[in-house]
Amino acid sequence: MGTEPKGTASGPVAGFLENPIVGMAPWIIFSLLVGPGRFELAVGLALLAAVALIVVSRLVNRGTSWKLLELADVVFFASMAVVGLLASDGTRSWLETYAGEVSNIALAVIAFGSMAVRMPFTLQYAREQVDPSLWHTRGFLRTNYMITGAWGVAFLVAAAAGAYGDLVLHNPNNIWTGWIIQILAIVAALKFTVWYPDVARARAAREAAGEEPGPTNWAGLLLPLAGLLVPIGIAVLIFDNMWWLGVALIVAGSLLTKRLSSES
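Participant: I'd love a proper account of a nonpolar patch on the surface, names of residues and values included.
Facilitator: The grouping of Ile234, Leu237, Ile238, Phe239, Trp243, Trp244, Val247, Val251 and Leu255 at the surface amounts to a nonpolar patch, some 1,000 Å² of accessible area in total. Elements represented by at least two residues in the nonpolar patch include exactly α10 (219–239) and α11 (243–263). Per-element accounting of the nonpolar patch gives the leading share, five residues, to α11. Secondary-structure assignment places valine 251 in helix α11.

As structure tokens, this is what we get:
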């Protein structure tokens, strides 16, 4: 069992707030909601979420440290709100179209920038959940670099998908570039955040016991993603004209889920 930092609280709420995924919630809300006619709603909800997370975090964990990500949340979305209020109609139209890509790129810069200065943003959250004796161990640091990098890649993928939909397809609400690819990228990063620490701990335990590293169980990561193919296929059947692709995704998702369930 690890020791808790002085002044921090324990319990499910405190544990929830110490998860880096919570710090990314405003960005996820914004990137998924923003679009033509939805800029004010998206930035308002994202800013509200960012402020609420800081307030609740300070009330529950009074001794907790300020996080790079939560500060970036408030600064970015407050700036976007001010720009939106003062912008001309043309600028506001541009923001409604491209603000999703801007936010995704900004978060990717935060992720890779924090890694470049040797302080991956997940590290600040992880240190509040483990004993200080583990803070500088190779496995602990590697795990945080991997998770932070996964989020950086996810938001780059989301930015690229959104840019393709806006600049090439000229359709920000395209079901694939505006929704499916971006949601899959974020869900993949979410699942990796949960899955990889267990893999790292199992590897470290085998190394400590002098055993050879065993094969990585990828089923734990791929199973939730395979399960998403079925609802994606249903969405394609309803909102897209490629009925055959929708059917193929439903069948593939069902078969993969059954196969991976037997392996996990």
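Participant: Tell me what's going on with empty space enclosed by the protein, and back it up with residues and numbers.
Facilitator: Here the structure, examined in full by the defined rule, presents two cavities of 30 Å³ or more. Taken together, 20 residues make up the lining of the largest cavity; nearest its centre are Ser31, Val34, Glu101, Pro172 and Gln182. Looking at the lining of the largest cavity, the elements that each hand over two or more residues are α3 (25–33), α6 (89–116), α8 (138–168) and α9 (175–208). Within the lining of the largest cavity, the residues separate by chemical class into five nonpolar, eleven polar and four charged.

Participant: With reference to specific residues and values, describe the confidence of the model for the chain.
Facilitator: Of all residues in the chain, 91% attain a pLDDT of 70 or more, and the chain-wide mean is 85. Per-residue pLDDT, averaged within each element of the chain, yields its smallest value for helix α1 (residues 12–17) (53) and its largest for α8 (94).

Participant: Talk me through the environment of isoleucine 147; I want residue IDs and the actual numbers.
Facilitator: Within the secondary structure, isoleucine 147 sits in helix α8. Isoleucine 147 sits in the buried class, given a relative accessible area of 6%. Sequence-wise, isoleucine 147 and phenylalanine 121 are 26 residues apart; in three dimensions their C-alpha atoms are separated by 9.4 Å. If we ignore the near neighbours within four places in the chain, the residues touching isoleucine 147 are Thr122, Phe192, Thr193 and Pro197.

Participant: Describe in detail helix α4 (residues 39–60), supporting the description with residues and values.
Facilitator: Look at α4: 31 Å from first C-alpha to last across 22 residues, which is about the 32 Å you get at 1.5 Å a residue. Every buried residue of α4 is accounted for by Phe39, Ala42, Val43, Ala46, Ala49, Ala50, Ile54, Ser57 and Arg58. Across the axial projection of α4, the buried residues extend over an arc of 155°, all falling on one side. The exposed residues of α4 that point more than 90 degrees off its buried face are Leu48 and Leu59.

Participant: With reference to specific residues and values, describe unusual backbone geometry.
Facilitator: The phi dihedral of arginine 118 is positive, around 65°, even though this residue is not glycine. Position of arginine 118 relative to the elements: it lies in the loop between α6 and α7 (122–126). A relative accessible area of 69% means that arginine 118 is categorised as exposed.

Participant: Break down the packing of α9 against α10 for me, with residues and values.
Facilitator: Orientation of α9 relative to α10, taken along the N-to-C sense of each, is 165°, at an axis distance of 10 Å. Comparing the axis directions of α9 and α10 gives the class roughly antiparallel. Where α9 crosses over α10, the handedness of that crossing is right-handed. Seen from α9, the contacting residues are Ile175, Trp176, Ile180, Leu184, Val187, Ala188, Lys191, Phe192 and Trp195; seen from α10, they are Gly220, Leu221, Pro224, Leu225, Leu228, Ile232, Ala235, Val236 and Phe239.

Reading the values: the criteria
Residues numbered from 1 in each chain as written. Predicted model: local features only at pLDDT ≥ 70, side-chain atom pairs only at ≥ 80, totals over all residues. Heavy atoms only, no water. Patch = residues over 30% accessible without salt bridge, like charges linked within 9 Å, V, L, I, M, F, W, Y side chains within 5 Å. Areas by Shrake-Rupley, 256 points an atom, 1.4 Å probe, with all protein chains shown as cover. Salt bridge = Lys/Arg side-chain N within 4 Å of Asp/Glu carboxyl O. Helix = DSSP H or I, 4+ residues; strand = E, 2+ residues; numbered from the N terminus. 1 Å grid on protein atoms, 1.4 Å probe; cavity = no way out; pocket = protein on both sides within 12 Å on 5 of 7 lines; lining within 4 Å. Points joined across faces, edges and corners; volume = space filled by probe spheres on them. Nonpolar A, V, L, I, M, F, W, Y, C, P; charged D, E, K, R; others polar. pLDDT = per-residue confidence, 0-100. Buried < 20%, exposed > 50% of the residue type's maximum accessible area, 1.4 Å probe, protein only. Contact = heavy atoms within 4.5 Å. Expected span 1.5 Å × (residues − 1). Arc of directions from axis to C-beta. Axes fitted to C-alpha atoms, helices over the stretch in contact; angles between N-to-C directions. Parallel < 35°, antiparallel > 145°, perpendicular 65-115°, else oblique. Left-handed = near helix turned anticlockwise from the far one by under 90°.

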